[in-house]
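# Descriptive structure summary
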Amino acid sequence: MSSSFGQFPLSRLRRLRSTPWMRRLNQETCLLVDDLIQPIFICEGNDTVPIPSMPGIERQPLNLLSNYIFQLYDENIPAIALFPCIPTDKKDLEGSLAYDSNNLICQAVRLIKSQFPDIGIIADVALDPYTSHGHDGLFINGDVDNDQTLEALSKQALALAQAGVDVVAPSDMMDGRIGFIRVALDHAGYSHVAILAYSAKYASSFYGPFRDALGTKGNLSGKDKKSYQMNPANAREAIREAGQDLAQGADMIMVKPGLPYLDIIRNLHQEFSAPIFAYQVSGEYAMIQAAHANGWIDGQAVMLESLLALKRAGTASILTYAALDVARELNRKNYSTQRR
Ligand code: PBG
């Protein structure tokens, strides 16, 4: 058939978009509750503490932690990632509390494991919550010393493993840390503890609200982490970082931040067969919440679309502060709301 405009289109992609059932059948990517990891900030004291730059997220004290974890468990969220908020007077130059087997995180891990043995527990390995200077490693002669930091990190990983953590997630970006930690864990009898490597962790300005949540911003006092976290301009370097981490024994690799770095996720997905995780970081969460609060976007819809985009790029699982909200939404609809 022809018209004055020439041949009618023989291929009409709109046929595949015409009805909800047709869209469901032809959807390539889904967001599932199985993909979600809830990061949790743990604090001292007996009360939850809101984080102004992260609306809807509160630091959780140990006595209320079970209530909170139960909600996640109830929505079938597979895993959590723990971060401590340490009072300033307990921080020191070496971040020595990081490897104290009775620190806040180790206590939280023991508590959660005893009550929720089926939920996976991931814990960060990096010194920044514990150091008075706010850096992820030992700060010596004006810079973070790589090899001395490795010793401290492996002690931290061992304390976490001993407390019962399932996955350690080195977020420090020291060279050689994955192999160093893997050997330390294996020698101590923790070969079952997995490593989720923050392989492509960028020196990003999207971490601001997280540093508020941990109270580490002031410690850094205007200094940055550019001598160890990656330059946002670099994509090829991420392949070298991830390749090294996998060669040293990483089980899973992570890209962080998430949405601004979809190309990195895609590159790593093409290059490696290991699972790739993404961290939708605090700044990404805060931007969506802020725009929603102003009535400028539908925050829930934008959140789901952002997470779906991470899946589409090649992500296996996602750390997102919205995990509980999103899981509730997905479970309420009884199938992925990403089916349009
Ligand atoms: C610390 C760490 C950071 C985040 C996770 N682990 C911050 C940083 O590197 O300064 C950021 C997470 C977020 O912004 O949500 N090593």
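Preceding block: the structure.
Residues numbered from 1 in each chain as written. Predicted model: local features only at pLDDT ≥ 70, side-chain atom pairs only at ≥ 80, totals over all residues. Heavy atoms only, no water.

Every one of the 18 residues lining the ligand counts as a neighbour, but Arg 211, Lys 225, Lys 256, Ser 282 and Tyr 321 are closest to it. Measuring from a nitrogen atom of the ligand, one finds a side-chain N or O atom of Asp 124 at 3.0 Å. Between the ligand and the protein, one listed contact pairs an oxygen atom with a side-chain N or O atom of Gln 229 at 2.8 Å. Bound to the protein, the ligand loses 100% of the 400 Å² it would expose on its own. In terms of residue class, the shell around the ligand is made up of 8 nonpolar, 3 polar and 7 charged. (Near = heavy atom within 4 Å. Polar contact = N/O pair within 3.5 Å; in protein donor to acceptor, adjacent residues only side chain to side chain. Areas by Shrake-Rupley, 256 points an atom, 1.4 Å probe, with all protein chains shown as cover. Nonpolar A, V, L, I, M, F, W, Y, C, P; charged D, E, K, R; others polar.)

A few words on the environment of Pro 275. With respect to the element layout, Pro 275 can be found in the loop between α9 (262–271) and β13 (276–280). Along the chain, Pro 275 and Gly 314 lie 39 residues apart, while their C-alpha atoms are 8.8 Å from each other. Pro 275 has contacts with Asp 251, Met 252, Ile 253 and Ala 316, leaving out every residue within four places of it along the chain. (Helix = DSSP H or I, 4+ residues; strand = E, 2+ residues; numbered from the N terminus. Contact = heavy atoms within 4.5 Å.)

Next up on the list: the pattern of salt bridges. Taken as a whole and assessed by the stated rule, the structure comprises 12 salt bridges. Measuring nitrogen to oxygen at the nearest pair gives 2.6 Å for the salt bridge that ties Lys 90 to Glu 44. Of this pair, Lys 90 sits in the loop between β6 (79–85) and α3 (104–115) while Glu 44 sits in the loop between β3 (36–43) and β4 (49–50), placing them 46 residues apart in sequence. The exposure class of Lys 90 is partly exposed, given its relative accessible area of 40%. Classification of Glu 44 as partly exposed rests on a relative accessible area of 35%. The partner of Asp 128 in a salt bridge is Lys 225, with the nearest N and O atoms 3.5 Å apart. In this pair, Asp 128 sits in the loop between β7 (120–125) and β8 (139–140) while Lys 225 sits in the loop between α7 (217–220) and α8 (236–247), placing the two residues 97 residues apart along the sequence. What makes Asp 128 buried here is its relative accessible area of 7%. (Salt bridge = Lys/Arg side-chain N within 4 Å of Asp/Glu carboxyl O. Buried < 20%, exposed > 50% of the residue type's maximum accessible area, 1.4 Å probe, protein only.)

Taken together, Arg 12, Arg 14, Arg 15 and Arg 17 make up a surface patch of like positive charges. Relative to the helices and strands, Arg 14 is located in the loop between β2 (6–7) and α1 (20–25). The exposed category is assigned to Arg 14, whose relative accessible area is 68%. (Patch = residues over 30% accessible without salt bridge, like charges linked within 9 Å, V, L, I, M, F, W, Y side chains within 5 Å. Lys, Arg positive; Asp, Glu negative; His and termini not counted. Charge placed at Lys NZ, Arg CZ, Asp CG, Glu CD.)

What follows concerns helix α10 (residues 282–293). In an α-helix, one full turn covers 3.6 residues, which means residues spaced three or four apart are oriented alike. If you check α10, its first and last C-alpha atoms are 16 Å apart, about what 12 residues at 1.5 Å a residue would give, namely 16 Å. Among the residues making up α10, those that are buried are Ser 282, Gly 283, Glu 284, Tyr 285, Ala 286, Ile 288 and Ala 291. As for α10, its buried residues are in contact with α6 (208–214), β13 and α11 (299–313). (Expected span 1.5 Å × (residues − 1).)

Okay, the nonpolar core next. Counting 106 residues, the largest nonpolar core has Phe 41, Leu 82 and Val 168 as the members making the most contacts within it. It is helix α4 (residues 146–163) that contributes the most residues to this core, 8 residues altogether. Not counting chain neighbours up to four residues away, the residues in contact with Val 168 comprise Ala 123, Val 125, Ala 157, Leu 160, Ile 181, Leu 185, Val 193, Ala 194, Ile 195 and Leu 196. (Core = buried A, V, L, I, M, F, W, Y, C linked by side-chain atoms within 4.5 Å.)

It is worth spelling out the packing of helix α2 (residues 62–74) against α3 at this point. Where α2 contacts α3, the two axes come as close as 10 Å, and the packing angle between them is 45°. Relative to α3, the element α2 lies oblique. α2 and α3 meet at a crossing whose hand is right-handed. Across from Leu 62, Leu 65, Ser 66 and Ile 69 in α2, the residues of α3 making contact are Leu 104, Gln 107, Ala 108, Leu 111, Ile 112 and Gln 115. Each residue belonging to the contact of α2 with α3 can be placed in one class, and the counts come to 7 nonpolar, 3 polar and no charged. (Axes fitted to C-alpha atoms, helices over the stretch in contact; angles between N-to-C directions. Parallel < 35°, antiparallel > 145°, perpendicular 65-115°, else oblique. Left-handed = near helix turned anticlockwise from the far one by under 90°.)

This part takes up α2. A rise of 1.5 Å per residue sets the reference length of α2, with its 13 residues, at 18 Å; its end C-alpha atoms lie 19 Å apart and thus fit the reference within 8%. Restricting attention to buried positions, one finds in α2 the residues Leu 62, Leu 65, Ser 66, Tyr 68, Ile 69 and Leu 72. Check the buried side of α2 and you find it contacts β3, β5 (58–61), β6, α3 and α12 (323–333). Directly after α2, the chain includes Asn 76, whose backbone phi takes a positive value near 70°.

Here the focus is the state of the cysteines. What the rule picks out here adds up to 0 disulfides. Considering cysteine sulfurs only, Cys 43 is the nearest to Cys 85, which forms no disulfide, with 6.6 Å between them. Cys 85 gets classed as buried once you look at its relative accessible area, which sits at 15%. (Disulfide = S-S within 2.5 Å.)

Attention now moves to the packing of aromatic side chains. Throughout the structure, instances matching the rule amount to 10 aromatic pairs. A centroid spacing of 6.1 Å and a plane angle of 45° characterise the contact between Tyr 279 and Tyr 321, whose relative ring orientation is tilted. With Tyr 279 in strand β13 and Tyr 321 in the loop between β14 (317–320) and α12, this pair connects stretches of sequence that are 42 residues apart. By the burial criterion, Tyr 279 is buried, and Tyr 321 matches it. Three or more aromatic residues joined by ring pairs make a cluster, and in this case those are Phe 41, Phe 83, Tyr 198, Phe 210, Tyr 279, Tyr 285 and Tyr 321. A cation over a ring is seen here: Lys 155 above Tyr 99, with NZ or CZ 4.1 Å from the ring centre. In this arrangement the basic side chain of Lys 201 is found over the ring face of Tyr 198, its NZ or CZ atom lying 5.2 Å from the centre. (Phe/Tyr/Trp six-rings, centres within 6.5 Å; stacked < 30°, edge-to-face > 60°. Lys NZ or Arg CZ within 6 Å of the ring centre and 35° of its normal.)

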